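Residues per chain are reported as follows:
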Amino acid sequence: MKRSTRWQHTCLSLLLGGLLAGQSVADQQPLDARASDPNVMGWMQGFPPAADKQINARNYLLFPQTRWSFSHIRQLLPTATVGRGTGAVSPLPDARRDDIDAVQFKLADGSQMSWEQSLAANYTDGIVVLHRGQVVYERYFGALQADRPHMAFSVTKSFIGTLAAMLVEEGVLDEQAPVSYYVPELKDSGFGDATVRQVMDMTTAIRYSETYSDPSAEIWEYSRAGNLIPRPADYDGATSLYGFLQKVQPEGQHGEVFAYKTVNSDVLAWIVQRATGSSFADLLQQRIWSKLGAEQDAYIVVDQIGTQFAGGGLNASLRDMARFGETLRNNGRFNGQQIVPQAVVADIRRGGDQGKFAPAGYATLPNWSYRNMWWVSNNDHGVFAARGIHGQTIYVDPKAEMVIARFASNPVAANGANDPISLPAYNALAQHLMRQP
């Protein structure tokens, strides 16, 4: 990946905000975490809030408004509920430690940083660390609270990927079948002759750009079709996610290289919903959420016809995200039951084809791969992760018996901006917990 392309990808929030507000990236100098705290900024305070402190569907993706809006998406966009069910909340034993904030690690330039400093550096909204299933660290900042859902962005992909892998394991989905077998409406699109497996691992070859600095890039119509950003008065593009997916054209040969393109997740959701007769939200509720013993309902952003945004629309509480990570750490077993088949977790942990991943050029993820919409490190700790823009993650380190769930509102979208701090911090904490269990 060329440096210019990487930079364009990292600037989603600033470029999107600039497009909506008529500003350039150069005009926007991000405030630090303390100065951009929603309570300091005064967003949405008062009845009604002052005109210059209001956040709505037109400005919610601007920074620093994002530091409030990512914890209040349901007040801004239509959503579908993922219910927790009626069962008891599963316990997360409390074993808080007072030695974690001081954990030190080294950055690439040789400088030192502490765990506590890293949280502010990456605009952390909340973080939970589990060690051997116990909560050893939990902090919330700004607008986020323990019982408040936060936008998970592309962490959502790992949920639809896991559900699809479960259906493959059960024989409900044929991973080698063409997409058009399940969704005939996509027969003439770029996805029609791709296999389900190629969609699951994002090795489809399609004409779809997420170059946010290009007003003609497909990401803009996709976002407008999904009701994520306002449509201009003269808009004549797709008006639903399904409508947009049918317009995507082929480009290249399927199966040759990994290319991270969000539209694959919505195609996969369409396939899964057709195969099961259940919506993404209902399937997630029935197969995972209600079995976790979750504390809170989750919810998913929907388009104007109710299509649930599987590419990045999930909102959930941090402790419940940690529960899902702990489920995967324990080979799919949690809350006294096998929620995800062990074979599915093993398949995720084996990772995908590193040779197909490498050309994507992720400088912060050398030797990683992608499988079932999970990012897999292939390192000696067996780390794998769900990752979303602006710093969202479920990070699982099996060797260290550690799970980290984090929500953030970093002003730069792509994780290449926070990885140089986050990944060394996570590794340092893993080493610390292994030395001092």
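The text that follows walks through the structure, step by step, so that each part is easy to find. (Residues numbered from 1 in each chain as written. Predicted model: local features only at pLDDT ≥ 70, side-chain atom pairs only at ≥ 80, totals over all residues. Heavy atoms only, no water.)

Examining the sheet that holds strand β6 (residues 150-151)
- Strand order in the open sheet formed by four strands is β1-β9-β10-β6, with antiparallel pairing between adjacent strands. Strands with a single pairing partner mark the edges of an open sheet, and in this sheet they are β1 (79-82) and β6.
- In this structure, β1 lies alongside strand β9 (residues 298-301), joined through four bridges in antiparallel fashion. Of the residues in β9, the one forming a bridge with T81 is Y299. (Pairing = 2+ DSSP bridges. Helix = DSSP H or I, 4+ residues; strand = E, 2+ residues; numbered from the N terminus.)

Considering the nonpolar core
- In terms of nonpolar packing, the biggest core is built from 136 residues, with W115, F159 and M321 touching the most fellow members.
- Counting residues per element, this core draws most heavily on helix α6 (residues 155-169), at nine residues.
- Ignoring any residue separated from it by four or fewer positions in sequence, one finds M321 in contact with A152, V155, F159, W289, L314, A316, I394, A405 and F407. (Core = buried A, V, L, I, M, F, W, Y, C linked by side-chain atoms within 4.5 Å. Buried < 20%, exposed > 50% of the residue type's maximum accessible area, 1.4 Å probe, protein only. Contact = heavy atoms within 4.5 Å.)

A short note on the packing of aromatic side chains
- Across all of its chains, the model carries 25 aromatic pairs by this definition.
- Judged by centre distance (6.2 Å) and plane angle (85°), the ring pair of Y260 and Y370 falls under edge-to-face. Here Y370 lies in strand β13 (residues 369-371) and Y260 lies in the loop between β8 (249-250) and α11 (263-276), a separation of 110 residues in the sequence.
- Residue Y260 is classed as buried on the basis of its relative accessible area, which comes to 15%.
- Residue classification places Y370 among the buried positions, given a relative accessible area of 4%.
- Each member of the aromatic cluster is reached from another via a ring pair, and the members are F258, Y260, F357, Y362, Y370 and W375. (Phe/Tyr/Trp six-rings, centres within 6.5 Å; stacked < 30°, edge-to-face > 60°.)

Description of the side chain of T156
- Mapped onto the elements, T156 comes out in helix α6.
- A distance of 2.5 Å separates a polar atom in the side chain of T156 from the backbone oxygen of F153.
- A distance of 3.0 Å separates the side chain of T156 from the backbone nitrogen of L314, its partner in a polar contact.
- Residue contacts for T156: discarding those within four places in its chain leaves F280, F309, A310, G311, G312, G313 and L314. (Polar contact = N/O pair within 3.5 Å; in protein donor to acceptor, adjacent residues only side chain to side chain.)

Some points on the environment of I229
- Mapped onto the secondary structure, I229 falls in the loop between α9 (218-225) and α10 (241-245).
- The buried category is assigned to I229, whose relative accessible area is 6%.
- A C-alpha to C-alpha distance of 14 Å links I229 and T66, two positions 163 residues apart in sequence.

Points about the side chain of S189
- Of note, S189 is situated in the loop between α7 (179-182) and α8 (196-200).
- When its relative accessible area of 7% is taken as the criterion, S189 is described as buried.
- Of note is the side chain of S189, whose polar atom sits 3.1 Å from the backbone nitrogen of F191.
- With residues up to four places along the chain from it excluded, the contact list for S189 reads L245, Q246 and V248.

A word on the packing of α6 against helix α12 (residues 280-287)
- Two elements in contact, α6 and α12, have axes whose closest approach is 11 Å; the angle formed by their N-to-C orientations is 70°. Of the possible angle classes, the one that applies to α6 and α12 is roughly perpendicular. For the pair α6 and α12, the contacting residues are T156, F159, I160, L163, M166 and L167 in the first and F280, L283, L284 and R287 in the second.
- Within the contact of α6 with α12, the residues separate by chemical class into eight nonpolar, one polar and one charged. (Axes fitted to C-alpha atoms, helices over the stretch in contact; angles between N-to-C directions. Parallel < 35°, antiparallel > 145°, perpendicular 65-115°, else oblique. Nonpolar A, V, L, I, M, F, W, Y, C, P; charged D, E, K, R; others polar.)

Quick notes on the packing of α6 against α11
- Closest axis-to-axis distance for the α6/α11 pair is 10 Å, and the angle between their directions is 40°. Overall, the two elements α6 and α11 adopt an arrangement that is oblique. Our pair here, α6 against α11, has a crossing hand that is left-handed. Of α11, the residues touching α6 (which contributes K157, I160, G161, A164 and L167) are S265, L268, A269, V272 and T276.
- Considering only residue class, the contact of α6 with α11 consists of six nonpolar, three polar and one charged. (Left-handed = near helix turned anticlockwise from the far one by under 90°.)

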